[in-house]
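Take a look at the letters that make up each chain.
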Amino acid sequence: MRFGMSSLMPSALLRSRWVGLGPTLLGLFASIVPGMAFADQPRPWEMMFQDPATPVMDRVESFHHLLLWIIAIIVAFVAVLLGLVCLRFRESVNPAPSRRSHHTLLEVVWTAVPVLILVVVAVPSFKLLYYSDVVPPPDLTIKATGHQWYWEYEYPDNGDFSFVSNLVDDADLQPGQLRLLTTDNVVVVPVGKNVRLQVTAGDVIHSWAVPSFGVKIDAVPGRLNEAWFNVKEPGTYYGQCSELCGTMHGFMPIMVKAVPPDEYDAWVKQAQSDFAANSQPEDAKTAAAQRLPALSLAAR
Ligand SMILES: [Cu+2]
């Protein structure tokens, strides 16, 4: 349901060529760049959410649609009222204005209706909040630690190996890899499993965020935050640090690859030997420090 919101939009909005422009451009872009996984990454001119990859994001999207409808109806209602007032009660048509200052029924209605609307919004809002907040029985735990300016990941359930995930510089990108979103080491997770994500930081506050997962959680030094996700489909999913954390805040992406469970087991075996005698954190710091001048130049 890539552009599912279109089906929910009032037809007047759909007729607007600007609303149709985004999906058209995206379709064009998708057709001229073959071989890329388009499932869950930012796209040029994107106006909608990325495709939901987890049950939480499914619910976030549905809740967004509900709110969009409520907002649209309120905007339309207020616009009609405004238009009516401008037309029917302008000075030339209505030279002697009403001097009424109270109207009990009206006042009750304009108090009660907004309260009702807020209740209608609050019920699914709290349901979603608790659904995303309470971690269901996890199949595995991953710990993400934010550093200036890279992510470090630990797999305590799979032999407690850990590795560092650094941005791939523009010069080293392979064809099809996404600029500023590709990392050298990728977080691999099995599809259809509840992954408990523990998040913290080693220096300043960062934020681990993957839009298609519906996860955005602060990484705070000295505090362990928790989130969860259960990825429905195999694929590669992208995110970025989402808390301003210093010069290279924009250069510490998150890349998650969801694979079938047997592929995951094979990856774990490989990772256990690859990352066993691991001097990576120090290497990563050096790499991050060395990259700083090059990237600053590129950004100019
Ligand atoms: Cu940051």
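In this text, all values refer to a predicted model and were calculated from it rather than measured experimentally.

Observations concerning the confidence of the model for the chain
Move 1: Summarising the model, the chain shows a mean pLDDT of 83, and 79% of its residues fall at 70 or more.
Move 2: Confidence over residues 1-38 falls short of pLDDT 50; this stretch has 39 contacts with residues more than four positions distant or in other chains.

Let's talk about the packing of helix α4 (residues 55-88) against helix α5 (residues 104-133)
Move 1: Contact geometry for α4 and α5: axes closest at 10 Å, N-to-C directions at 165 degrees. The angle between the axes of α4 and α5 places the two elements in the roughly antiparallel class. Where α4 crosses over α5, the two elements pack in a sense that is left-handed. Side by side, α4 and α5 meet where Pro55, Val56, Arg59, Val60, Phe63, Leu66, Leu67, Ile70 and Ile74 of the first sit next to Ile117, Val120, Val121, Pro124, Ser125, Leu128, Tyr131 and Ser132 of the second.
Move 2: Here the contact of α4 with α5 is composed, by residue class, of 14 nonpolar, two polar and one charged.

Description of the coordination of the copper ion
Move 1: Summarising the metal site, the copper ion is bound by the protein donors Cys241 (SG), Glu243 (O), Cys245 (SG) and His249 (ND1), whose distances to it range over 2.0 to 2.7 Å.
Move 2: Seen from the copper ion, its four donor atoms lie at angles of 82 to 131 degrees, and the figure they make is irregular.
Move 3: Taken in chain order, the donor set of the copper ion reads C-x1-E-x1-C-x3-H.
Move 4: Look at Glu243 and you get partly exposed, because its relative accessible area is 28%.
Move 5: Looking at His249, the relative accessible area reads 17%, which means it is buried.

Digging into the nonpolar core
Move 1: One finds Tyr153, Trp208 and Phe213 to be the most contacted residues of the largest nonpolar core, which totals 43 residues.
Move 2: Discounting chain neighbours no more than four positions away, the residues touching Phe213 are Ala53, Thr54, Val56, Met57, Trp208, Phe229, Val231, Tyr237 and Val256.
Move 3: Listed in part, the five residues of the second largest apolar core include Leu178, Leu181, Val186 and Met255.

Things to note about the UniProt feature "transmembrane region" (unreviewed entry) in the chain
Move 1: The feature "transmembrane region" (unreviewed entry), as given by UniProt, occupies residues 63-87 and 108-130 in the numbering adopted here.
Move 2: When the span residues 63-87 is considered, its composition is 100% helix and 0% strand, and the gap between its end C-alpha atoms is 36 Å.
Move 3: The span residues 108-130 is 100% helix and 0% strand, and its two end C-alpha atoms sit 33 Å from each other.

Thoughts on the pairing of strand β5 (residues 195-201)
Move 1: Counting buried residues in β5 gives six out of seven residues, a clear majority hidden from the surface.
Move 2: Relative to β5, strand β1 (residues 140-147) runs parallel, the two being bridged by seven bridges. Bridging across to β5, Ile142 finds its partner in Leu197.
Move 3: Where β5 lies against strand β8 (residues 225-229), five bridges are found, and the strand directions are antiparallel. Of the residues in β8, the one forming a bridge with Arg196 is Trp228.

What about unusual backbone geometry?
Move 1: Trp149 follows Gln148 through a cis peptide bond whose omega is 0 degrees.
Move 2: With respect to the helices and strands, the residue Trp149 is situated in the loop between β1 and β2 (150-155).
Move 3: Of note, the phi angle at Trp45 is positive, near 65 degrees, even though the residue is not glycine.
Move 4: Examined against the element boundaries, Trp45 turns out to sit in the loop between α3 (17-32) and α4.
Move 5: The phi torsion at Asp160 lies on the positive side, around 60 degrees, for a residue other than glycine.
Move 6: Examined against the element boundaries, Asp160 turns out to sit in the loop between β2 and β3 (161-165).

Re the sheet that holds β3
Move 1: The five strands lie next to each other as β3-β2-β1-β5-β8, forming an open sheet whose pairing is mixed. Only two strands of the sheet have a single partner each, and these edge strands are β3 and β8. Geometrically, the sheet is characterised by an average inter-axis angle of 25 degrees between neighbouring strands, direction not taken into account.
Move 2: Packed onto the sheet, helix α6 (residues 261-274) meets β1, β2 and β3 and runs at close to 90 degrees relative to β3.

Section: the sheet that holds strand β4 (residues 187-190)
Move 1: The five strands are arranged β4-β10-β9-β6-β7 in an open sheet whose pairing can be described as mixed. Both outer strands of the open sheet, β4 and β7 (215-219), are each paired with one neighbouring strand and no more. Averaged over all adjacent pairs, the angle separating strand axes in this sheet is 25 degrees, with direction ignored.
Move 2: α6 contacts β4 and β10 (253-259) of the sheet and is inclined by roughly 140 degrees relative to β4.

Procedures and definitions
Residues numbered from 1 in each chain as written. Predicted model: local features only at pLDDT ≥ 70, side-chain atom pairs only at ≥ 80, totals over all residues. Heavy atoms only, no water. pLDDT = per-residue confidence, 0-100. Contact = heavy atoms within 4.5 Å. Axes fitted to C-alpha atoms, helices over the stretch in contact; angles between N-to-C directions. Helix = DSSP H or I, 4+ residues; strand = E, 2+ residues; numbered from the N terminus. Parallel < 35°, antiparallel > 145°, perpendicular 65-115°, else oblique. Left-handed = near helix turned anticlockwise from the far one by under 90°. Nonpolar A, V, L, I, M, F, W, Y, C, P; charged D, E, K, R; others polar. Donors = N, O, S within 2.8 Å, 3.2 Å for Na, K, Ca; no water. Tetrahedral: all angles 85-135°; square planar, octahedral: opposite > 155°, others 65-115°. Buried < 20%, exposed > 50% of the residue type's maximum accessible area, 1.4 Å probe, protein only. Core = buried A, V, L, I, M, F, W, Y, C linked by side-chain atoms within 4.5 Å. UniProt positions renumbered as here; feature names shortened; annotations may be inferred. Pairing = 2+ DSSP bridges.

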